[in-house]
Amino acid sequence: MHDFLVGDLSPRARVLTALLPAIIGSVYIFGSYGVFLIRCAVRGMPTQWEKDARGHTALVGPHMRCFFFWAFDPLWRLLLRSGISANTVTAAAAALGVGAAVAASTGRFALAGWSFLFAGILDAMDGRLARARNQVSPAGAAIDSILDRYTDALMLVGLGVYYRDSWVVAPVLLALVGCSLVPYVRAKSEALGHPIRDGLMQRTERLLYLGASVALSPIFEAVVFPNETRPRHWLAIAGIVFLALTSNVTALSRFASLVRGLTAASQHGARVVTDPEHKHAV
């Protein structure tokens, strides 16, 4: 137990702590996906999650988004019947995110990755829960959005602490910048009346790719570098670098789309929108 708490695990223990949740999750996900495909072939695509599954990117399309909500519908129904408020679910997701950050900073990557992924699952449930109970409010939306930003940022801060003496801290910082700018450019575009929501690396993708690469990296380390006392976690590094590149590409592409859209609207004599922060006409 002491070895587990301090992270001083044998190679076999490192594999098992990462692999057991992966086996359980994989059995459920792949089994559910087989049932989902049969259900779609017989009865068509379920439509009750269209609002939640709207939008897509090159990495996660609407089919997979719909499957996600279908696969985790039992969890959502349990939350709905439990009487737990949407804000409580939001807070639980944020708490898991904080725990993931602490675990990452101490080198407990399996715990960090799975906690981060489950935080994302809970975060996808709170909005649906609020709508089902007619409890949607601006305050709730603000709490959810701000805590999401904290969860994403803290996970990267935790990884930055672990890699503080390594070159990996550079892509961690770049990923932190990109993940902060992607939602900011979207919010700014909506405030200026020209909403931009496309992009390669949106929040669903950030949660999935970063969480999975961190959660499964101990397996790779235990197999390839079994005697390392402080593993580099190369699979996690690959996920961090990928996130750093794609999040910044997404932010910059949104920025370029926003500037083009606002410039075209201005040239065609569209209604002038005032920037609510800086009072600039655009």
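Residues numbered from 1 in each chain as written. Predicted model: local features only at pLDDT ≥ 70, side-chain atom pairs only at ≥ 80, totals over all residues. Heavy atoms only, no water.

Enquirer: Describe empty space enclosed by the protein, naming the residues involved and giving the relevant values.
Expert: Over the atoms rolls a probe the size of a water molecule, and in doing so it shows where empty space is left. According to the stated counting rule, one finds 2 cavities of 30 Å³ or more in the structure shown. By volume, the largest cavity amounts to about 50 Å³. Lining the largest cavity are Thr 90, Ala 93, Ala 94, Ala 119, Gly 120, Asp 123, Leu 147, Asp 148, Thr 151 and Arg 203. Every residue lining the second largest cavity is listed: Phe 116, Asp 152, Leu 156, Cys 179, Arg 206, Leu 207, Leu 210 and Leu 243. Elements represented by at least two residues in the lining of the second largest cavity include exactly α7 (138–162) and α9 (203–224). (1 Å grid on protein atoms, 1.4 Å probe; cavity = no way out; pocket = protein on both sides within 12 Å on 5 of 7 lines; lining within 4 Å. Points joined across faces, edges and corners; volume = space filled by probe spheres on them. Helix = DSSP H or I, 4+ residues; strand = E, 2+ residues; numbered from the N terminus.)

Enquirer: Tell me about the pattern of salt bridges, and name the residues and values.
Expert: The tally for this structure, following the rule as stated, stands at 4 salt bridges. In this structure, Asp 73 engages Arg 77 in a salt bridge whose closest nitrogen and oxygen atoms are separated by 2.6 Å. Of the two residues, Asp 73 and Arg 77 both sit in helix α4 (residues 73–82), 4 residues apart, roughly one turn of that helix. Among the residues examined, Asp 73 registers a relative accessible area of 10% and is labelled buried. A salt bridge links Asp 152 to Arg 206; its shortest N-O distance comes to 3.6 Å. Residue Asp 152 is located in helix α7, and its partner Arg 206 is located in helix α9; the two are separated by 54 residues in the primary sequence. Among the charged side chains, a network of salt bridges with common partners joins Asp 73, Arg 77 and Arg 128. (Salt bridge = Lys/Arg side-chain N within 4 Å of Asp/Glu carboxyl O. Buried < 20%, exposed > 50% of the residue type's maximum accessible area, 1.4 Å probe, protein only.)

Enquirer: Summarise helix α5 (residues 86–105); cite the residues concerned and give the values.
Expert: Note: α-helices contain 3.6 residues per turn, so residues at a spacing of three or four share the same orientation. Between its first and last C-alpha atoms α5 spans 29 Å; for 20 residues at 1.5 Å apiece the expected length is 28 Å, and the two agree. The complete set of buried residues in α5 reads Ala 86, Val 89, Thr 90, Ala 93, Ala 94, Gly 97, Ala 100, Ala 101, Ala 103 and Ala 104. Buried residues in α5 make contact with α4, α6 (109–132) and α7. Once α5 finishes, Gly 107 follows within two positions and takes phi at roughly 90°, a positive value. (Expected span 1.5 Å × (residues − 1). Contact = heavy atoms within 4.5 Å.)

Enquirer: Report on the environment of Arg 254, specifying residues and quantitative values.
Expert: Secondary-structure assignment places Arg 254 in helix α10 (residues 234–267). Residues Arg 254 and Arg 197, 57 residues apart in the sequence, show an inter-C-alpha distance of 7.6 Å. Excluding its chain neighbours within four sequence positions, the residues that come into contact with Arg 254 are Val 182, Val 185, Arg 186, Ile 196, Arg 197, Asp 198 and Gln 202.

Enquirer: Got a sec to walk through the packing of α9 against α10? Specific residues and values, please.
Expert: At a minimum axis distance of 6 Å, the contact between α9 and α10 shows a crossing angle of 160°. If you check the angle between α9 and α10, you find them roughly antiparallel. Across from Arg 206, Tyr 209, Leu 210, Ser 213, Val 214, Leu 216, Ser 217, Phe 220 and Glu 221 in α9, the residues of α10 making contact are Trp 234, Leu 235, Ala 236, Gly 239, Ile 240, Phe 242 and Leu 243. Split by residue class, the contact of α9 with α10 holds 11 nonpolar, 3 polar and 2 charged. (Axes fitted to C-alpha atoms, helices over the stretch in contact; angles between N-to-C directions. Parallel < 35°, antiparallel > 145°, perpendicular 65-115°, else oblique. Nonpolar A, V, L, I, M, F, W, Y, C, P; charged D, E, K, R; others polar.)

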